[in-house]
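Given next are the chains, with one letter for each unit.
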Amino acid sequence: MSLVLDPTAQDLLFREARTANTFTDEPVTDAQVQAIYDLVKFGPTAFNQSPLRITLVRSPEARERLVRHLAEGNQAKTAAAPLVAVLSADNEFHEELPALLPHFPAAKDMFFSERPVRESAALLNAALQAAYFIIGVRAAGLAAGPMTGADFAGIQKEFLDDDHTPLMVVNIGKPGEDAWFPRSPRLSLDEVITTV
């Protein structure tokens, strides 16, 4: 069975897309970021919650502050990327639920009044939104370099507050020379899917 998405788009978003390790110096514009967000904000989440928060690290001073919290193997590529985003989960996302879920505004207090429940929901749903964000970066013709090799407690202290849990750092830009590692293997359908 063929997919509705044409093969070129399938390659752009999935088959040919990889984590970029080098980038050109072509800037990533605010207009590109707006276009990416305008696309990915429609990805599904539970209760239509939107806990993902994106901190764009543009200034050299902020970049320097971020780089020192990254694993050694991630520092040089983050220092050189045209744009870096710190993706985090807002644990107080429930405050927006009455506007985001107007047909069920009581969900805010009925399901999310306790912080541990919010933290769990925020982590899962912001991770979903982070995946959509990576696909959106690819849809804009850019490469994404998502990384979790970092001191996230340090990143939280440096850029966020106690209500935001950092998830990953994403380098963004046009891929540079030798940007890709060889494609690593993936599991086959039979290794992943069970029918009951």
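Here the structure is shown first, and the text comes after it.
These remarks concern the structure in this document.

**Describing helix H8 (residues 152-159)**
Each α-helix winds once per 3.6 residues, and so residues spaced three or four apart point in a common direction.
Now for step 1: Within the sequence span of H8, burial applies to Phe 152, Gly 154, Ile 155 and Phe 159. The buried residues of H8 occupy one face: seen down the axis, they fall within an arc of 155°. Opposite the packed face of H8, turned more than 90 degrees from it, sit the exposed residues Ala 153 and Lys 157.
Now for step 2: Looking at the packing, one finds that the buried side of H8 touches helix H3 (60-67), strand E2 (83-90), strand E3 (143-147) and strand E4 (164-173).
Now for step 3: Capping of H8 at its N-terminal end is provided by Asp 151; its side-chain oxygen lies 3.3 Å from the backbone amide nitrogen of Ala 153.

**Quick notes on the side chain of Asn 21**
Now for step 1: Inspection of the secondary structure assignment puts Asn 21 in the loop between helix H1 (7-15) and helix H2 (30-40).
Now for step 2: Only 2.8 Å separates the side chain of Asn 21 from the side chain of Lys 77, close enough to count as a polar contact.
Now for step 3: Not counting the four nearest positions on each side in its chain, Asn 21 is found in contact with Lys 77, Ala 179 and Phe 181.

**Points about the pattern of salt bridges**
Once the charged atoms of two side chains with opposite charge are near each other, the side chains can pair.
Now for step 1: Throughout the structure, instances matching the rule amount to 13 salt bridges.
Now for step 2: Note that Arg 115 is salt-bridged to Glu 92, the shortest N-O span being 3.1 Å. Here Arg 115 is found in helix H7 (residues 115-139), whereas its partner Glu 92 is found in the loop between E2 and helix H5 (97-100), with 23 residues between them in sequence.
Now for step 3: Glu 119 is the partner of Arg 115 in a salt bridge, and the nearest nitrogen-oxygen pair spans 2.8 Å. On the criterion of helical spacing, the pair formed by Arg 115 and Glu 119 is a turn pair, its members being 4 residues apart in helix H7.
Now for step 4: A relative accessible area of 36% places Glu 119 in the partly exposed class.

**Examining the sheet that holds E3**
Now for step 1: Pairing within the open sheet is antiparallel, and its 4 strands lie in the order E1-E2-E4-E3. One side of each edge strand has no neighbouring strand; the edge strands of this open sheet are strand E1 (52-57) and E3. Each neighbouring strand pair of the sheet contributes to a mean axis angle of 30°, computed without reference to strand direction.
Now for step 2: Sheet topology note: the E3/E4 ladder contains 5 bridges and is antiparallel. Opposite Met 147, over in E4, you have Val 169 as the bridge partner.
Now for step 3: Most of the contacts of helix H4 (residues 72-80) go to E3, to which it runs at about 145°, and overall it touches E2, E3 and E4.
Now for step 4: Sheet strands touched by H8: E2, E3 and E4. Its angle to E4, the strand with the most contacts, is close to 90°.

**Notes on empty space enclosed by the protein**
Now for step 1: Taken as a whole and judged by the stated rule, the model has 1 cavity of 30 Å³ or more.
Now for step 2: Lining the largest cavity are Tyr 37, Val 40, Lys 41, Leu 52 and Gln 129.
Now for step 3: Taken together, the residues of the lining of the largest cavity sort by class into 3 nonpolar, 1 polar and 1 charged.

About the thresholds
Residues numbered from 1 in each chain as written. Predicted model: local features only at pLDDT ≥ 70, side-chain atom pairs only at ≥ 80, totals over all residues. Heavy atoms only, no water. Buried < 20%, exposed > 50% of the residue type's maximum accessible area, 1.4 Å probe, protein only. Helix = DSSP H or I, 4+ residues; strand = E, 2+ residues; numbered from the N terminus. Arc of directions from axis to C-beta. Contact = heavy atoms within 4.5 Å. Polar contact = N/O pair within 3.5 Å; in protein donor to acceptor, adjacent residues only side chain to side chain. Salt bridge = Lys/Arg side-chain N within 4 Å of Asp/Glu carboxyl O. Pairing = 2+ DSSP bridges. Axes fitted to C-alpha atoms, helices over the stretch in contact; angles between N-to-C directions. 1 Å grid on protein atoms, 1.4 Å probe; cavity = no way out; pocket = protein on both sides within 12 Å on 5 of 7 lines; lining within 4 Å. Points joined across faces, edges and corners; volume = space filled by probe spheres on them. Nonpolar A, V, L, I, M, F, W, Y, C, P; charged D, E, K, R; others polar.

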